[in-house]
Amino acid sequence: MRSIGLILLQLLLLLCPPAFLAAQFDPLAYVNPLIGTTNGGNVFPGATLPYGMAKAVADVDGQNTGGFGMDSSNVTGISSIHDSGTGGNPSLGNFPLFPQVCPSDELNNCRFRIGDRKVHYRDGSVVAEPGLFGIELESGVQVNMTVSEHASLMRFRFPSSKGNHPLILLDLTDLWQSRQNASILVDENTGRMVGNGTFLPSFGVGSYQLHFCVDFVGAEIHDTGVWVNNRAGTEPKQMYVTRGFNLFYLEGGGFARFSPGSDNTVTARVGLSFKSSEQACGSAEREIPNPLQDFDRLVKTAKDAWREKLSPISVKAGGADESLLTSFWSGVYRSSISPQNYSGENPHWDTGMPYFDSFYCIWDSFRAQHPLLTILDPIAQTQMVQSLLDMYKHEGWLPDCHMSMCKGWTQGGSNADVVLVDAYVKNLSSAIDWELALEAIFRDAEEEPLEWSYHGRGGLQSWRKYGYIPYLDFDPFGFGTNSRSVSRTLEYSYNDFCLATLAGGLGKHALREKYMHRSMNWQNLWKDDQISVIKGKDTGFKGFFQPKYMNGTWGFQDPIACSTLASFCSLTSNPSETFEASIWQYLFYIPHATSSLISLVGGDDEFVSRLNFFHESGLADISNEPVFLTVFLYHYAGRPGLSAKRVHQYIPSSFNDTNGGLPGNDDSGAMGSFLFFSVMGLFPVAGQNVYLINAPFFEEVSITNPVTRKTATIRAVGFDSTYKNLYIQRATVNGKPWTKSWIGHELFMEGWTLELTLGNEESDWGKKSADRPPSWTS
């Protein structure tokens, strides 16, 4: 029997014209913020605006890197600022509020410390939508929250209990418990709490100050005070807390108890600022002037902002599975959560221009997320590029990672270089100072900072002298983690290619020639006779990158080390000569000279054989960003059909609409961006004006450039939602034959139509040398 819903849908199709139905489409119906809240996705699923500073969600003691996890762990508080998808230590989650009813209405019976107060949330109670998050605790307290740009609004509904005065505490902590010192002042009459704390970044150096301003409305104040560890008192009304004796972590904060009205609800408005508590209060008052009436308005404003952010995209699914649509739209949504717009909140400098922070980290985001924002939101991406240049002007270097106004650790090369050059080759904006960008990238290439673990490049003396980063390098000029000699050599090579690209574009031809030559330094770590053995069996492949000493002799790193077949290599706990990936994986990271690599390994067939082995042996780790481009490298060997086939190995098996539907950390939207490009049928080679063309997962995807208002369309002719027709037979652009297996950003800037005719067998399309993606050869 057909469902009533299906019958109604068919009637709607008969009665309503297509234009009406298109106007009614709401992409938010396909956004599930809970994707990636288990299985290490570390996604922030709470209420936020696009790139918003305020990010409100319940914090748990389980998978809490993004604040909340759908792992049935305990809620420890409700906080208003987070990062999304990051790895390592939990980030932010400062100044959480926690509601409870004290047994017998006795203050001394309340639970203040995290370990004492934590409580499970009720299964099925979680509501997560763009701009709204709600949860019910097993204590019976219901919490709903939404946000403005710099503040959150929370409704705490307590269970009915006559004679009790429910309590809300503020904890002077963060998720990582990195607080160094903090202060709070509680107003006796209004319950307003103001203060600040000094905290450590979760993946960087230095410290940051964050300030808060909390107002309570909708209930009368019963009493107020402060608490330390497991005791509280109504006097005094202020407190300053340090780290504690022998760095022992002291827990403390403020509280207020209430006499709520008949609805048993207390509303809290939380303002935040990196500058001052006065600014936190001012932002909250300006953005949420009527806390009792503003909740629904804020939710609507947030949803409208997200609809606008997603509005450039339209999809004709062609029968593709609904779960894929959910994964697709949710991935785009997550790509605009971070970096975050901290305009007016930078305490170190203020140019009066937009300022973005939470680049966490560019090693992850340069490959797909920033290229995606260049297409969907070129205005925001321009502001991000300008923010990176602001960091250069005021801190002396481009960052590789930057969060909470602090410098983050450098993971590989100087990858902000790639972001800048990617913006340049795609003509992102004439407002960007490209001469300043060249100056910044040139400094990365030629000046070694004293401390290169959090900006710039290390080992530049050896880089210039030997043409590679030596194993156990002698470097008295600068200091950092003396590891990753192989991966840094490969990444520095590509960074130099990007420098050469920008120099050439600006007419500096001698500079271009110098760095184009240096971009081929990766060849100096190629060891022709190196083999790879797995479980005692030779894989049959010969020739791999290997570490090399300063005297030119070879070191050794097993090509499978740091892969999923061995053990993970951390920058801090077990550094190796490759960063977070194996030599097998870094074998394929020569994005500017893949054709040279193909020749080095023995030609097209040998290269394809290696790629197949890499993806089919368990060596490929799709949970980490270096694997992204390897899925599509078959294009360079004249086999684009194999790229289309390979991507179906990972979608939807590793990318789906479940709570654990990401293979690893979302890394500020990197995973969602990979999914978006893969499904659309194009994949960017970041730093180059190149998109590799593949069979899309939908019948048609269109993107309207928010600046030019021109619409680019990728359309599949012969689309088959069972994906038997994976192979491009022929292509046209604006109705004219297109034989190349790649296309430039002009597709989006000029609003071209790329039409791909699909079939169930691999064709000759894209196989000719002249039709392969551009690749540098020395």
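Being a predicted model, the structure only gives us computed values, none of them experimental. (Residues numbered from 1 in each chain as written. Predicted model: local features only at pLDDT ≥ 70, side-chain atom pairs only at ≥ 80, totals over all residues. Heavy atoms only, no water.)

1. What to know about the domain arrangement of the chain
With domains assigned, the chain is organised as domain 1 (31–307) and domain 2 (313–771). Centre-to-centre separation of domain 1 and domain 2, based on C-alpha positions: 37 Å. Opposite the 49 residues of domain 1 that make contact, domain 2 presents 50 residues. Both faces considered, domain 1 and domain 2 share a buried interface measuring about 3,700 Å² in area, 57% of it formed by carbon and sulfur atoms. Sorting the residues of domain 1 by area buried against domain 2 places Ile35, Tyr51 and Phe203 first, and these three jointly supply 26% of that buried surface. Where domain 1 meets domain 2, there are 1 salt bridge. Where domain 1 touches domain 2, the interface holds 28 residue pairs in polar contact (both at pLDDT 80 or more). Of all elements in the fold, only β13 (204–205), β19 (265–273) and α4 (277–287) reach the threshold of two or more residues within the side of domain 1 that touches domain 2. (Domains from an automatic or database assignment. Contact = heavy atoms within 4.5 Å. Buried area = accessible area lost by both parts, 1.4 Å probe. Salt bridge = Lys/Arg side-chain N within 4 Å of Asp/Glu carboxyl O. Polar contact = N/O pair within 3.5 Å; in protein donor to acceptor, adjacent residues only side chain to side chain. Helix = DSSP H or I, 4+ residues; strand = E, 2+ residues; numbered from the N terminus.)

2. Description of the sheet that holds β13
With antiparallel pairing, 3 strands are arranged side by side in an open sheet as β13-β24-β23. Of all the strands in the sheet, just β13 and β23 (402–403) have a single pairing partner and so form its edges. Alignment of β23 against strand β24 (residues 406–408), held across 2 bridges, turns out to be antiparallel. Looking at β24, one finds that Met403 is bridged to Cys406. (Pairing = 2+ DSSP bridges.)

3. As for the pairing of strand β25 (residues 526–534)
Pairing of β25 with strand β26 (residues 537–545), which is carried by 5 bridges, proceeds in the antiparallel orientation. Within β26, the position partnered with Lys527 by the bridge is Phe544. Linkage of β25 to β26, two consecutive antiparallel strands, is achieved through a turn of 2 residues, within which Lys535 is found at a positive phi near 55°.

4. Considering helix α11 (residues 434–446)
Over its 13 residues, α11 extends 18 Å from the first C-alpha to the last, a length consistent with the 18 Å expected when each residue adds 1.5 Å. Buried positions along α11 lie against α9 (378–395), α10 (416–425), α12 (460–466), α13 (485–505) and α14 (509–518). Between the side-chain oxygen at the start of α11 and the backbone nitrogen of Glu435 there is a gap of 3.3 Å, and the oxygen is on Asp433. (Expected span 1.5 Å × (residues − 1).)

5. With respect to empty space enclosed by the protein
Here the structure, examined in full by the defined rule, presents 9 cavities of 30 Å³ or more. Lining the largest cavity are 13 residues, with Phe366, Arg367, Tyr589, Leu629 and Ala686 sitting closest to its centre. Residues that form the lining of the largest cavity fall into these classes: 11 nonpolar, no polar and 2 charged. (1 Å grid on protein atoms, 1.4 Å probe; cavity = no way out; pocket = protein on both sides within 12 Å on 5 of 7 lines; lining within 4 Å. Points joined across faces, edges and corners; volume = space filled by probe spheres on them. Nonpolar A, V, L, I, M, F, W, Y, C, P; charged D, E, K, R; others polar.)

6. Observations regarding the UniProt feature "domain: Glycosyl hydrolase family" (unreviewed entry) in the chain
According to UniProt, the feature "domain: Glycosyl hydrolase family" (unreviewed entry) maps to residues 279–759 in the numbering used here. Across residues 279–759 one finds 38% helix and 14% strand; the C-alpha atoms that close the span lie 60 Å apart. (UniProt positions renumbered as here; feature names shortened; annotations may be inferred.)

7. Some thoughts on the pattern of salt bridges
If you walk through the whole model with that rule in mind, you get 35 salt bridges. Arg464 serves as the salt-bridge partner of Glu446, at 2.7 Å between the closest nitrogen and oxygen. Of the two residues, Glu446 is situated in helix α11 and Arg464 in helix α12; the sequence distance between them amounts to 18 residues. For Arg464, a relative accessible area of 37% translates into the label partly exposed. Two residues, Asp496 and Arg518, come together in a salt bridge whose shortest N-O distance is 2.8 Å. Separated by 22 residues along the polypeptide, Asp496 in helix α13 and Arg518 in helix α14 bring together distant segments of the chain. In this pair, the class of Asp496 matches that of Arg518, namely buried. Several salt bridges share partner residues, and in doing so they unite Asp417, Glu446, Arg457, Arg464, Asp496, Lys514 and Arg518 into one network. (Buried < 20%, exposed > 50% of the residue type's maximum accessible area, 1.4 Å probe, protein only.)

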